[in-house]
Amino acid sequence: MLGAASCKGKAPDTAASASVSNSAPAPAGSAARRGAQALLEQGQLDEALARIDASAGDADSLALLGAIWAKKAEAAPLPTPPPAPPGAKRGAQPPAPAFKDEELAALDFFEQALVAQPGHARASLALAELLAPHALRRHDLGQAAQRKKGARAAPEPLAIGPDFGAERVIQAYKAAVVGSPAAKDPPERLFAFSVRVGRLLDAEWALEQLVERDKENPAPLIRYGDFLAQQKKDTRAAIDRYRQALIWRPDDEETLAKIADISIAEGIEAYNKNHYGVAQARLLEARKFVRNPNSPQGLRIRDYLAKLGSIRQNPR
């Protein structure tokens, strides 16, 4: 880790940071943080660094310094590969570092903030956001290697430097969720990342948090149901979420149709497997959620119930 981001709060050794370190002593306390935050939002990053110091070691200041360096990293050029060592084979070029110096400075400050205050919400979320693109690249490389090698799982590509595995990112997002119990952004970001890397249990936990934070709104419940039906393939649990949503919006045609579609599909599948009792139960369940018996859904239910009636009258 960079000594540049040491407990004294100094920046990496660049021309820009030199002017910061030679500036007048930064004002202390929350007023300094507010001023630095305002400058960060205005894009005046060197000025923001000049307003705040990490020497006191408080988590809020450290997290803000990390945020400033993370913003500086957005405009910084990509790292370049180091020169090949003497005697290396021709064309043998060492890989470029995974992280920019500015990212390493930001990471160092976030880690210091989390030592000062474990679970600090801003530092946790910012750390997750900083590492997430690197984790996604590693995940994609692993998936590509797995496809190339066949069914046998390929190990994640190794990297020198900070840990940016999916597990660390998810745990940082979770800390941000727990540390900000009313905010919706941290669980949203956790959900997006978890789905992207195939961590469905973590994605489901994020959806549970979103439902908890917006209890009287049916939309998170419907979204949860869609996830269970489409991602986890747990259609019974999906129906439970849809039915909870109907408590708040009982005449929502789209949600009614989702339940009916699932039950019809399950009824037809059971019919095709000669599980006629299950088929009838699912079709009758679907009929409760179809408002128009002459709709395509209603006609399919009628058709298969008629087939079941014919089987009962003419058993094989």
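Cut-offs and rules
- Residues numbered from 1 in each chain as written.
- Predicted model: local features only at pLDDT ≥ 70, side-chain atom pairs only at ≥ 80, totals over all residues.
- Heavy atoms only, no water.
- Helix = DSSP H or I, 4+ residues; strand = E, 2+ residues; numbered from the N terminus.
- Buried < 20%, exposed > 50% of the residue type's maximum accessible area, 1.4 Å probe, protein only.
- Contact = heavy atoms within 4.5 Å.
- Areas by Shrake-Rupley, 256 points an atom, 1.4 Å probe, with all protein chains shown as cover.
- Core = buried A, V, L, I, M, F, W, Y, C linked by side-chain atoms within 4.5 Å.
- Axes fitted to C-alpha atoms, helices over the stretch in contact; angles between N-to-C directions.
- Parallel < 35°, antiparallel > 145°, perpendicular 65-115°, else oblique.
- Left-handed = near helix turned anticlockwise from the far one by under 90°.
- Nonpolar A, V, L, I, M, F, W, Y, C, P; charged D, E, K, R; others polar.
- Expected span 1.5 Å × (residues − 1).
- Arc of directions from axis to C-beta.
- Salt bridge = Lys/Arg side-chain N within 4 Å of Asp/Glu carboxyl O.
- Phe/Tyr/Trp six-rings, centres within 6.5 Å; stacked < 30°, edge-to-face > 60°.
- Lys NZ or Arg CZ within 6 Å of the ring centre and 35° of its normal.

## Details of the overall build of the protein
Of regular secondary structure, the protein possesses 14 helices and 0 strands. The helix and strand sequence of the protein, counted from the amino end, reads α-α-α-α-α-α-α-α-α-α-α-α-α-α. When the 316 residues of the protein are sorted by exposure, 41% land in the buried category. In the protein, the proportion of contacts linking residues at least 24 apart, taken out of those at least 6 apart, comes to 59%. Put simply, the protein shows about 17,500 Å² of open surface, and 54% of that area lies on carbon and sulfur atoms.

## Description of the environment of proline 81
Tracing the backbone through its elements, the reader meets proline 81 in the loop between helix H4 (59-75) and helix H5 (101-116). It is 9.8 Å that separates the C-alpha atoms of proline 81 and alanine 98, two residues lying 17 residues apart in sequence.

## Looking at the nonpolar core
Ile68, Val169, Tyr173 and Phe193 are the most contacted members of the largest nonpolar core, which has 79 residues in total. With 9 residues, the top contributor of residues to this core is helix H6 (residues 121-149). Apart from the residues within four sequence positions on either side, isoleucine 68 is in contact with Leu40, Leu45, Ala48, Leu49 and Ile52.

## Description of the packing of helix H12 (residues 253-272) against helix H13 (residues 276-287)
Where H12 contacts H13, the two axes come as close as 8 Å, and the packing angle between them is 160°. Considering the angle they form, H12 stands roughly antiparallel to H13. Once H12 is placed against H13, the crossing between them reads as left-handed. Contacts between H12 and H13 involve Ala260, Ser263, Ile264, Glu266, Gly267, Ala270 and Tyr271 from the former and Tyr276, Val278, Ala279, Arg282, Leu283, Glu285 and Ala286 from the latter. A per-class count over the contact of H12 with H13 returns 9 nonpolar, 2 polar and 3 charged.

## Remarks on helix H14 (residues 296-313)
The end-to-end C-alpha separation of H14 is 26 Å, in line with the 26 Å expected for 18 residues at 1.5 Å each. Of all the positions in H14, only Gln297, Gly298, Ile301, Tyr304, Leu305, Leu308 and Gly309 are classed as buried. Relative to the axis of H14, the buried residues are bounded by an arc of 150° and lie together on one face. Opposite its buried face, H14 presents the exposed residues Pro296 and Gln313, each directed more than 90 degrees away. Of the surrounding elements, those touching the buried residues of H14 are H12 and H13.

## Some details on the pattern of salt bridges
Under the defined criterion, the tally for this structure stands at 22 salt bridges. Put simply, glutamate 204 and lysine 232 hold a salt bridge, and the shortest N to O gap is 2.7 Å. Of this pair, glutamate 204 sits in helix H9 (residues 200-212) while lysine 232 is found in the loop between helix H10 (218-230) and helix H11 (235-248), placing the two residues 28 residues apart along the sequence. We classify lysine 232 as partly exposed; its relative accessible area is 30%. Between glutamate 212 and lysine 215 there is a salt bridge, and its shortest N-O distance comes to 3.0 Å. Here the salt bridges share partners, and the residues they tie into one network are Glu167, Lys174, Arg199 and Asp202.

## A word on the packing of H4 against H5
The N-to-C vectors of H4 and H5 enclose an angle of 165°; their axes lie 8 Å apart at closest approach. What the angle tells us is that H4 and H5 run roughly antiparallel. Between H4 and H5 lies a crossing of left-handed hand. When H4 is examined against H5, the residues Ala59, Leu62, Ala63, Leu65, Gly66, Ala67, Trp69, Ala70, Lys72 and Ala73 are found in contact with a partner set consisting of Glu102, Glu103, Ala105, Ala106, Phe109, Phe110, Gln112, Ala113 and Ala116. Grouping the amino acids of the contact of H4 with H5 by side-chain chemistry returns 14 nonpolar, 2 polar and 3 charged.

## Overview of the packing of aromatic side chains
This structure, assessed with the given rule, holds 5 aromatic pairs. When the ring of tyrosine 173 is compared with that of phenylalanine 193, the centres are 6.0 Å apart and the planes differ by 50°; the resulting orientation is tilted. Taken together, the residues span a long stretch of sequence, with tyrosine 173 in helix H7 (residues 166-179) and phenylalanine 193 in helix H8 (residues 185-196) at a distance of 20 residues. Phenylalanine 193 matches tyrosine 173 in its accessibility class, with the two residues each being buried. Feature note: the residues Tyr271, Tyr276 and Tyr304 constitute an aromatic cluster, connected by ring pairs. Sitting above the plane of the tryptophan 69 ring, lysine 72 keeps its charged end 5.2 Å from the centroid. Across from the ring centre of tyrosine 224, 4.6 Å away, lies the NZ or CZ of arginine 241, which sits over that ring.

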